[in-house]
Amino acid sequence: MSKRRDPRTIAVNTGIATDSAFGAVTPPIYLSSTFSFSGFERPRAHDYSRTANPSRDILANTLTELECGAGAVVVSSGMAAVDLVLSLLGPDDLVVAPHDCYGGTHRLLSLRRDRKHFDVIFVDQNNEEALTAALEQFPALVLIETPSNPLMRVVNIRAVTERAKAAGAKVAVDNTFLSPALQRPIHLGADFVIHSTTKYLNGHSDVVGGAVIAADKTDAEILAAWANTCGVTAPAFDCYLTLRGLRTLFARIERQQITAMKIAEYLQGHCAVAAVHYPGLASHPGHAVARSQQSGFGAMLSFELAGGVSAARRFVESLSVFTLAESLGGIESLVAHPATMTHLGMGPEARRVAGITDGLLRLSIGLEAESDLIDDLKCALDAAHARAHDVHENSLMDPLEPLASQS
Ligand SMILES: *Cc1c(COP(=O)(O)O)cnc(C)c1O
């Protein structure tokens, strides 16, 4: 083979015009659960779709190439992808995970620890002392998530990976927030890349899926065998849709991050906004590291409204282009209020420690016109700001405490 193709070409071109039966340009979807043997004791390349399916193979091959890995396993959700990596661990093993990792990952790690499947410690990987103390316990796996959710904290993948490997650990990076279009953890030393393909890779908010890409061929084979054993491989139809979404990954995220930067700058200049968390801003504490390890700053950001929860409520209720919903990475812009949505289960004290205030809002920037998004934010900020001055309303309405205490 000649020179490695540009990732944009890989995303668009993998599997195109490979159909030998009819010359279909778009690879067909293979919904069949089973495949005929060509004769007695003569299986073909595929025999049963849980184990392997041609539609899933094309998606796996594309992801392998995009993440510069040796193989990929495509599974039924992002959580199944995280769990697949955890399947490599045993009861004597320790996992070092980020203190502010994705909520579902935190729950999975904690419940498996409670069942003695392995041990876990959660650390702030930007805290030198905490990281050193954790690595001195010789973990088997270090999990990295950067940028983090919802505060967009950035972790230096190469630095943490070098130290983790020196301590004998394998390193897995959850690359969901950026996608291989903007960050390639295997190039930075990681052993595994985890994706919730639900987010940017599919990009259209109509599939739940996940994938693990391994840097090493043997690791990829072990994971594929376990995914087949547990039956967590993704359905063919989901793979077809995800591949269709992945074709436009670069075009989408490149446009989305231009709009995100404009929105971050707009928010930063607004008097109702107390802080903006976007690694693309020079004032962001992770800006330099993000610049060094990412090829773009992405399209996720969060910001703090002055005026707490009642301002957040006014803001959200005044939006009309942004939709109030969990998830991210789709073509449509979404807003989430972590304290009452994604991070409600943490409880008020843990949220306070993590820095997730009641006025924090997270935005996933889509493909709408920048002018409409900014107009929408402007309207909602004006509404939130007007009421933020109403001390009387603020003191009367605080629905967070009763809600949180139930969880
Ligand atoms: C959404 C998400 C997951 C979980 O993925 P699902 O597809 O919802 O199971 C894991 N990690 C991160 C960073 C996510 O955003």
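What counts, and at which threshold
- Residues numbered from 1 in each chain as written.
- Predicted model: local features only at pLDDT ≥ 70, side-chain atom pairs only at ≥ 80, totals over all residues.
- Heavy atoms only, no water.
- Pairing = 2+ DSSP bridges.
- Helix = DSSP H or I, 4+ residues; strand = E, 2+ residues; numbered from the N terminus.
- Axes fitted to C-alpha atoms, helices over the stretch in contact; angles between N-to-C directions.
- Contact = heavy atoms within 4.5 Å.
- pLDDT = per-residue confidence, 0-100.
- Core = buried A, V, L, I, M, F, W, Y, C linked by side-chain atoms within 4.5 Å.
- Buried < 20%, exposed > 50% of the residue type's maximum accessible area, 1.4 Å probe, protein only.
- Domains from an automatic or database assignment.
- Phe/Tyr/Trp six-rings, centres within 6.5 Å; stacked < 30°, edge-to-face > 60°.

Some words on the sheet that holds strand β3 (residues 119-123)
Pairing between the strands of a sheet is mediated by backbone hydrogen bonds and can be parallel or antiparallel. Spatial strand order, β1-β7-β6-β5-β4-β2-β3: seven strands in an open sheet with mixed pairing. Looking along the sheet, the strands with just one partner apiece sit at the ends: β1 (71-75) and β3. Across the sheet, the mean angle from the axis of one strand to that of its neighbour is 20°, orientation sign disregarded. Pairing geometry for β1 and strand β7 (residues 210-214), over five bridges, is antiparallel. Each bridged residue has a counterpart across the sheet, and for A72 the counterpart in β7 is I213. Along the sheet, helix α2 (residues 54-66) makes contact with β1 and β7, crossing β1 at roughly 130°.

What about the confidence of the model for the protein?
For any part of a model where pLDDT is low, the fine detail of the predicted coordinates should not be relied upon. Per-residue pLDDT for the protein has a mean of 93; in total, 94% of the residues score no lower than 70. Mean pLDDT values for the elements of the protein range from 37 in helix α15 (residues 400-406) up to 99 in β7.

Let's talk about the nonpolar core
By size, the foremost hydrophobic cluster in this structure holds 61 residues, and its most contacted members are I263, L301, F303, F315 and L363. Residue-level mapping places this core at the junction of two domains, with at least three residues from each of domain 1 (7-246) and domain 2 (249-397). Discounting chain neighbours no more than four positions away, the residues touching L363 are I263, L267, A299, M300, L301, F303, F322, L334, V335 and L377. Counting 25 residues, the second largest nonpolar core, distinct from the first, contains V85, A97, L143 and I194.

Looking at the packing of aromatic side chains
Evaluation of the coordinates by the stated rule reveals one aromatic pair. Between the aromatic rings of F303 and F315, the centroid separation amounts to 5.5 Å while the plane-to-plane angle is 75°, which identifies the pairing as edge-to-face. Taken together, the residues span a long stretch of sequence, with F303 in strand β9 (residues 300-305) and F315 in helix α11 (residues 308-318) at a distance of 12 residues. Take F303 and F315: they sit in the same class, and that class is buried.

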